[in-house]
Amino acid sequence: MNSIFAFLSELNEQGIKVRIVDDQLGINAPQALLTPELTAELKARKAEILTFLRQNQTVDTALVIQPVPRNEPLPLSFSQQRLWFLEQLGSGATYTIPAAFKVAGPLNVPALTQTLTEIVRRHESLRTTFSQMAGETWQLIHTPPSVEVPIIDLQQLSEAEQTAEVQRLARQETLRPFDLSSDLMLRATLLHLCDVNRSVHHSSAGNGNGLAATAHATRNTQHATENYVLLLTLHHIAADGWSLGLLVRELTTLYSAFAQGRPSPLPELSIQYADFAAWQRNRLQGELLAEQLTYWKTQLAGAPELLQLPTDFSRPPVQTFVANKFDFPIDMERTQQLRQLGQRSGTTLFMTLLAAFQVLLARYSGQDDILAHSLRCPGHANRWGQRWFRGGNAYPPRCGCPFLARNPRRSTGLRQ
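What about the overall build of the protein?
Argument step 1. Along the backbone of the protein there are 13 helices and 13 strands.
Argument step 2. For the protein, the residues scored as buried account for 37% of the 416 residues in total.
Argument step 3. As displayed, the protein offers around 24600 Å² of accessible surface, 54% of which is attributable to carbon and sulfur atoms.

Structure follows, in structure tokens:
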């Protein structure tokens, strides 16, 4: 649980004002931000909050994110700077975030277009580009544009052909890179399908009954159901996995309202990601930044540059970012055993699985110093409410001991 100071600072960042009114706790906030979880936490910590507010009438403004002017270029956050740097190295489409949504039944395309346009208007990071000036990289926020949603008609294809074409188009869209200097950070493509539970005979030339076949196909087509697949692609410099949940919520809420001719029910945002980036830059500088850099330089000193796995083929001369994934289930019994192992070692389930993965890599590579890439989201991300948050941080947990590769013990890996 966060300290009371951190908790109140995060509430303030969201626009939730907590104060003492007639010696009672007063809360002023948009109703949409007062989730059941947050309301329960406020009730549970009421006495603690009152005590803190009575003892401290002001909050350190250095820890509170405030809006910054938009009349000049704005600095990048450290996460944005990292991704922009990788883009300059030729990462291409490596950092696109694809999402696909299947829509069954009729679709109000104008309402969908209005929904995506409103999402881009609400979240500045989706209409932000990046440019170098005077040797520095800056983010430029543009006026809200109208989002274009091209429609690709696949209704005339068979069910198998539709499936194959949807997969091909989705992959093609995922592999199409963004131009960070000019593009919107959100792209949309709508695939118009048809529930092809029908026999289509109009292409059966040579049976001598073409007219009857066409009529039969027409009768079946009348009972077909419209389906759509909405392909959305974002760049990781403007969004992360946490943001996808927000995207789905806003997409459904806004589409429902616009399809019925109602205005947006979502509250306006008081803080945007550019405000966080400016706050982070002002906060992390001088001694504090030097301390953070020194820590990671020490942690990564002497780290191996490559993981020498016994692959079937030699490494290409130029990194390609081509990868794949392997999914496998872990049953309930094995999951419980892993939890118990973690409890005995004082580690979480994530830490237990990460340690097992590092031991596996050590056994295959024969190396005794393992770096495994992982992602974490800052603790204040879940307090951003309706805000688009590009906060995922890559960090390299390091595990190493002289005998890790030769004699990996569970307890040793978990302690590391």
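Examining the pairing of strand β1 (residues 17–21)
Argument step 1. Two elements, β1 and strand β2 (residues 24–28), share five bridges in a ladder whose sense is antiparallel. Bridge pairing in β2 links R19 to G26.

So, the pattern of salt bridges
Argument step 1. Counted by the stated rule, this structure contains 11 salt bridges.
Argument step 2. The salt bridge partner of D275 is R70, with a shortest N-O separation of 2.8 Å. Of this pair, D275 sits in helix α9 (residues 273–283) while R70 sits in the loop between α3 (46–55) and β3 (74–75), and the two are 205 residues apart along the sequence.
Argument step 3. Taking the relative accessible area as the measure of exposure, D275 reaches 2% and is therefore buried.
Argument step 4. The salt bridge involving E173 is made with R176; its shortest N-O contact spans 3.1 Å.
Argument step 5. Exposure remark for E173: the relative accessible area of 8% places this residue in the buried category.
Argument step 6. Here the residues in one salt-bridge network are E41, R45 and E48, joined through shared partners.

So, the sheet that holds β3
Argument step 1. Spatially, the three strands line up as an open sheet ordered β3-β6-β5, and their pairing is antiparallel. Edge positions in the sheet fall to β3 and β5 (128–133), since each of these pairs with one other strand and no more.
Argument step 2. In this sheet, strand β6 (residues 136–141) lies alongside β3 in antiparallel orientation, the contact comprising two bridges. Directly across from L74, in β6, lies its bridge partner Q139.
Argument step 3. Across the sheet, helix α4 (residues 78–88) lies against β3, β5 and β6, angled at about 75° from β5, the strand it touches most.

Here's the deal with the nonpolar core
Argument step 1. Ranked by size, the top nonpolar core spans 32 residues in total, and within it L116, L126, L232 and I237 carry the most contacts.
Argument step 2. If you list the elements that add at least two residues to this core, you get α4, α5 (109–122), β8 (186–195), β9 (225–235) and α8 (241–259).
Argument step 3. No other element matches the five residues that α5 contributes to this core.
Argument step 4. What L116 contacts, discounting residues up to four positions off in sequence, is V147, V149, L186, A188, L232 and L251.
Argument step 5. The next biggest cluster of nonpolar side chains, apart from the first, holds 14 residues, and it includes F7, L8, V18 and L53.

Here's the deal with the packing of aromatic side chains
Argument step 1. Counted according to the given criterion, the structure contains four aromatic pairs.
Argument step 2. For the pair Y273 and F276, a centre-to-centre distance of 5.4 Å together with 40° between the ring planes defines the contact as tilted. Residue Y273 and its partner F276 are located together in helix α9, separated by three residues, close to a single helical turn.
Argument step 3. Ring centres of F326 and F328 lie 5.9 Å apart, and the angle between their planes is 25°; on these two criteria the pair is classed as stacked. Residue F326 shares its accessibility class with F328, and that shared class is exposed.
Argument step 4. Every member of this aromatic cluster is reached through a ring pair, and the members are Y273, F276 and W279.
Argument step 5. Taking the ring centre of F178 as reference, the NZ or CZ of R187 above it sits at 4.0 Å.
Argument step 6. The positively charged end of R281 is found above the aromatic ring belonging to F78, 4.0 Å away from the centroid.

Definitions and limits used
- Residues numbered from 1 in each chain as written.
- Predicted model: local features only at pLDDT ≥ 70, side-chain atom pairs only at ≥ 80, totals over all residues.
- Heavy atoms only, no water.
- Helix = DSSP H or I, 4+ residues; strand = E, 2+ residues; numbered from the N terminus.
- Buried < 20%, exposed > 50% of the residue type's maximum accessible area, 1.4 Å probe, protein only.
- Areas by Shrake-Rupley, 256 points an atom, 1.4 Å probe, with all protein chains shown as cover.
- Pairing = 2+ DSSP bridges.
- Salt bridge = Lys/Arg side-chain N within 4 Å of Asp/Glu carboxyl O.
- Contact = heavy atoms within 4.5 Å.
- Axes fitted to C-alpha atoms, helices over the stretch in contact; angles between N-to-C directions.
- Core = buried A, V, L, I, M, F, W, Y, C linked by side-chain atoms within 4.5 Å.
- Phe/Tyr/Trp six-rings, centres within 6.5 Å; stacked < 30°, edge-to-face > 60°.
- Lys NZ or Arg CZ within 6 Å of the ring centre and 35° of its normal.

This is a description of form; function is not addressed.
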